[in-house]
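# A structural walkthrough
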Amino acid sequence: MNQSITKLSKFSSAVDADIFEHASSLGFGDIHFKHDPDSGLRSIIAIHNTRRGPALGGCRCIPYPSTEAALHDVMNLARAMSYKAAMAKLPLGGGKAVIIRPDHITDREALFEAYGSFVDELGGRYISSVDSGTGVADMDIVARKTKFVRSTSDGGDPSPSTAMGVRRGIEAAVKHQLKRDDLEGTHITIQGAGHVGYYLAKELHSLGAILTMCDVNNSAVERCADEFGVTIVPANEIYKITADVFAPCALGAVINDKTINKLNVSIIAGATNNALASNKHALILHNKGILYAPDYVINAGGLMQAWIRDEQALREKIYGIYDTLTALFNRAKENHVSPALIVDQIAEEIIFGTASN
Ligand code: NAD
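Residues numbered from 1 in each chain as written. Predicted model: local features only at pLDDT ≥ 70, side-chain atom pairs only at ≥ 80, totals over all residues. Heavy atoms only, no water.

## A short note on the side chain of His281
Looking at the secondary structure, you find His281 in helix α8 (residues 279-288). Contacts of His281, omitting those with residues within four sequence positions, involve Ile255, Asn256, Asp257 and Ile260. (Helix = DSSP H or I, 4+ residues; strand = E, 2+ residues; numbered from the N terminus. Contact = heavy atoms within 4.5 Å.)

Given below as structure tokens:
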């Protein structure tokens with residue numbers, strides 16, 4: 001393993017040991033920290049694996065309760081990117097970045113320029129794109145400092161591609177679980193009306209699905225009600241809604257001890273990274289007969305867009321998410337396990353070259 005984890009001096013040796021242990025258990029890779037006092041940048045870039053190519057992954061800019069929370073988030077996300085790239089059969093490794101969002105960003109340009117320099121220092125081993133809390137305009141700023149960036153205004157917002165892939169994944173899950181060939185009249189709840197949630201609602205509305213949505217940001221979800229006639233529910237009520245599909249498109253770990261017994265759906269299929277709080281929850285869903293579409297397979301459309309320039313080739317690649325998920329659901333069914341508990345094994349077969357396809 002290529003380890004170059006930079007020590008933060010304030011970390012105690014006990015915490016360091018935990019971090020290295022955690023890094024080792026996830027199969028890392030290297031992790032880089034940057035503090036730039038002038039711009040206020042506090043950022044972590046985690047590179048999980050570069051075996052199949054450079055580590056392309058988004059940069060998340062959200063508040064974190066602690067550096068440790070940010071570190072755990074970026075590590076889990078980076079690992080998921082390795083597996084996502086492998087399942088998407090792209091020549092890429094896996095990495096991710098976080099910028100710990102300050103209470104007030106006084107100079108966003110300076111912040112993202114400093115972040116761009118940080119990305120550049122890694123010499124192309126990590127290629128940045130967007131994630132929660134960052135957008136195309138931010139990546140344009142990053143591009144002033146490094147060529148190792150995607151999702152700039154040249155390449156466009158990845159969210160419509162992600163949403164298209166999630167829609168294809170929902171179609172595959174509905175076919176597998178409910179034996180339906182289309183989404184007409186299928187009731188789908190969407191948590192989050194942000195970048196992906198909005199475009200997913202648009203896709204699903206055009207196919208005749210019945211939609212219920214929530215967001216902590218009222219104006220975001222009201223826009224979906226105005227444009228697509230979705231029913232709005234308060235954020236904490238989304239889990240209780242009886243529906244065919246629940247599509248989490250907000251933040252991670254939403255399927256947890258508190259929410260899992262409220263769910264009254266047949267399928268969980270959404271864009272959220274690390275939607276399951278733990279593997280235990282995959283098992284519980286499986287035992288309840290709820291089909292789970294693994295996040296990093298279903299939400300790979302944005303990654304595909306970041307890498308593939310040709311429009312037709314991109315669309316075909318995104319449409320292929322249907323077949324990838326169908327094959328995964330079938331293999332999971334044959335083995336009587338949750339797709340979430342078999343997908344890592346399949347991705348590892350691809351990353352380490354033991355897969356037959
Ligand atoms: P976003 O920040 O644009 O949207 C997230 C939305 O969720 C926001 O509108 C926010 O107000 C809302 N939200 C936050 N907490 C909530 C809660 N408790 N209940 C309801 N709504 C809540 O992010 P996005 O780009 O749409 O991404 C959504 C998820 O999909 C993230 O987990 C992201 O990592 C993942 N993802 C996004 C992409 C992409 O192309 N944008 C690609 C792959 C995965």
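## Some thoughts on the sheet that holds strand β11 (residues 291-292)
Pairing in this open sheet of six strands is parallel, and the strands run β8-β7-β6-β9-β10-β11 from one edge to the other. A single partner strand is all that each edge strand has here, and the edge strands are β8 (231-232) and β11. (Pairing = 2+ DSSP bridges.)

## Some thoughts on the site of the ligand
The environment of the ligand is made up of 23 residues, and the closest members are Thr162, His195, Val196, Asp215 and Ala250. Separating an oxygen atom of the ligand from a backbone N or O atom of Val196 is a distance of 2.8 Å. Within the side chain of Asp215, an N or O atom sits 2.6 Å from an oxygen atom of the ligand. Look at the ligand: alone it shows 830 Å² of surface, and the protein chains cover 83% of it. Looking at the shell around the ligand, the elements with two or more residues in it are α5 (159-178) and α6 (195-206). Tallied by class, residues from the shell around the ligand come to eight nonpolar, 11 polar and four charged. Built from parts of two domains, the shell around the ligand gets at least three residues from each of domain 1 (4-142) and domain 2 (159-351). (Near = heavy atom within 4 Å. Polar contact = N/O pair within 3.5 Å; in protein donor to acceptor, adjacent residues only side chain to side chain. Areas by Shrake-Rupley, 256 points an atom, 1.4 Å probe, with all protein chains shown as cover. Nonpolar A, V, L, I, M, F, W, Y, C, P; charged D, E, K, R; others polar. Domains from an automatic or database assignment.)

## Details of the sheet that holds strand β1 (residues 30-36)
Spatially, the five strands line up as an open sheet ordered β1-β2-β4-β3-β5, and their pairing is mixed. Strands with a single pairing partner mark the edges of an open sheet, and in this sheet they are β1 and β5 (126-130). Each strand of the sheet is rotated relative to its neighbour by a mean of 25°, with strand direction disregarded. For strand β2 (residues 41-49) and strand β4 (residues 93-100), the ladder comprises six bridges, and the chain directions are antiparallel. Bridging from a neighbouring strand, Ile47 pairs with Gly95 of β4. Relative to the sheet, helix α2 (residues 67-87) contacts β1, β2, β3 (55-62) and β4, its axis offset from that of β4 by approximately 155°. Seen against the sheet, helix α3 (residues 108-121) touches β1, β2, β3, β4 and β5 and runs at an angle of roughly 30° to β2. (Axes fitted to C-alpha atoms, helices over the stretch in contact; angles between N-to-C directions.)

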